[in-house]
Amino acid sequence: HYSPYTIWKVMNKTPIFILFICIIISGASLLWWRQRKKKEALLGITHLKNGNYRIKDILFNVKEQTLASEDKDIKVSTLPHELLLMFLNANDHKVAKKDIKNQFWLKHTDPTSNMTSTVNRLNKILKDINGTYSIITDPKNEETYVFISDSDYSPVTSVSPPASL
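We now turn to the structure provided with this report. Bear in mind the structure is a predicted one, so any value in this text is a computation, not a measurement.

1. With respect to the packing of aromatic side chains
In step 1: Using the criterion set out here, one finds three aromatic pairs in the structure.
In step 2: On the numbers, 5.4 Å between centres and 55° between planes, the contact of Phe104 with Trp105 is tilted.
In step 3: The ring of Tyr145 carries the charged tip of Lys97 above its face, separated from the ring centre by 4.8 Å.

Structure below.
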């Protein structure tokens, strides 16, 4: 007569541990994905199947480089277009300033001034299209910009250049 635990004692437990780890990783990934979708829903951002984005009542047409609302259609120049894409694809819609500089002005002598100018141009476009979104310096991290709905923070319409300029 065998104990019920005999099978447990003699079997290889590696597959069970691997399955357990896979379940934990899958669960954590699902929680992360749901949290991100919830944040995007609060901000009103939807990545459409055709590659475009809906940002509440704004349609961002990636191929045509346009932002369209009910009453306006604005052509977005290349740098602000690429910068907006960077924010929409970034985790929590936050991008480090050094990443922006490295992406667009890696070998330029004054990348900070160019970055500030491009962010200001994008903010002007966002204000012109409907005035409810902007890019600001993250209040929690001075070295990061964040794409926000103006209802989340007090409105910011321009980015100040650093004091060293």
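2. Focus: the sheet that holds strand β1 (residues 45-47)
In step 1: An order of β1-β2-β3-β4-β5 is seen for the five strands of this open sheet, with the pairing classed as antiparallel. Lying at the two open borders of the sheet, with one neighbouring strand each, are β1 and β5 (73-75). The average undirected angle you get between the axes of adjacent strands in this sheet is 15°.
In step 2: The pairing of β1 with strand β2 (residues 53-55) spans three bridges and is classified as antiparallel. Each residue of the ladder has a partner; that of Ile45, found in β2, is Ile55.
In step 3: Here helix α5 (residues 111-129) sits on the sheet in contact with β3 (58-61), β4 (66-68) and β5, set at roughly 30° to β4.

3. What to know about unusual backbone geometry
In step 1: Phi angles above zero are rare outside glycine, and Gln65 is one such case at about 55°.
In step 2: Among the secondary structure elements, Gln65 is positioned in the loop between β3 and β4.
In step 3: Positive phi, close to 55°, is recorded for His93, a residue that is not glycine.
In step 4: By the secondary structure assignment, His93 is in the loop between α3 (78-89) and β6 (94-96).

4. Concerning the nonpolar core
In step 1: Ranked by internal contacts, the top residues of the largest apolar core, which has 29 residues, are Ile55, Phe60, Leu67, Ile100 and Phe147.
In step 2: Of all elements in the fold, only β2, β3, α3, α5, β7 (133-137) and β8 (144-149) reach the threshold of two or more residues within this core.
In step 3: Aside from chain neighbours lying at most four places away, what touches Phe60 is Asn52, Tyr53, Ile55, Thr66, Leu67, His81, Leu84, Leu85 and Leu88.

5. Structural notes on the pairing of β3
In step 1: Examined bridge by bridge, β2 and β3 share three bridges and lie antiparallel to one another. Looking at β3, one finds that Tyr53 is bridged to Phe60.

6. Remarks on α3
In step 1: Along its twelve residues, α3 runs 16 Å from first to last C-alpha, staying within 8% of the 16 Å computed at 1.5 Å per residue.
In step 2: For α3, the full list of buried residues reads Pro80, His81, Leu83, Leu84, Leu85, Met86, Phe87 and Leu88.

7. Side note on the pairing of β8
In step 1: Most of β8 is tucked away, with six of its six residues classed as buried.
In step 2: Here β8 shows no split at all, with Thr144, Val146 and Ile148 on one side and Tyr145, Phe147 and Ser149 on the other all buried.
In step 3: Bridge count between β6 and β8: three bridges; the pairing is antiparallel. Pairing of Lys94 across the sheet is with Val146, part of β8.

8. Details of the sheet that holds β8
In step 1: Pairing is antiparallel across the open sheet formed by three strands, whose spatial order is β6-β8-β7. Unpaired on one side and paired on the other, β6 and β7 mark the two borders of the sheet. Mean inter-strand twist for the sheet, computed between neighbouring axes without regard to direction, equals 25°.
In step 2: Strands in contact with helix α4 (residues 97-104) are β6, β7 and β8; relative to β6, the strand with the most contacts, it is inclined by about 70°.

Calculation criteria
- Residues numbered from 1 in each chain as written.
- Predicted model: local features only at pLDDT ≥ 70, side-chain atom pairs only at ≥ 80, totals over all residues.
- Heavy atoms only, no water.
- Phe/Tyr/Trp six-rings, centres within 6.5 Å; stacked < 30°, edge-to-face > 60°.
- Lys NZ or Arg CZ within 6 Å of the ring centre and 35° of its normal.
- Pairing = 2+ DSSP bridges.
- Helix = DSSP H or I, 4+ residues; strand = E, 2+ residues; numbered from the N terminus.
- Axes fitted to C-alpha atoms, helices over the stretch in contact; angles between N-to-C directions.
- Contact = heavy atoms within 4.5 Å.
- Core = buried A, V, L, I, M, F, W, Y, C linked by side-chain atoms within 4.5 Å.
- Buried < 20%, exposed > 50% of the residue type's maximum accessible area, 1.4 Å probe, protein only.
- Expected span 1.5 Å × (residues − 1).

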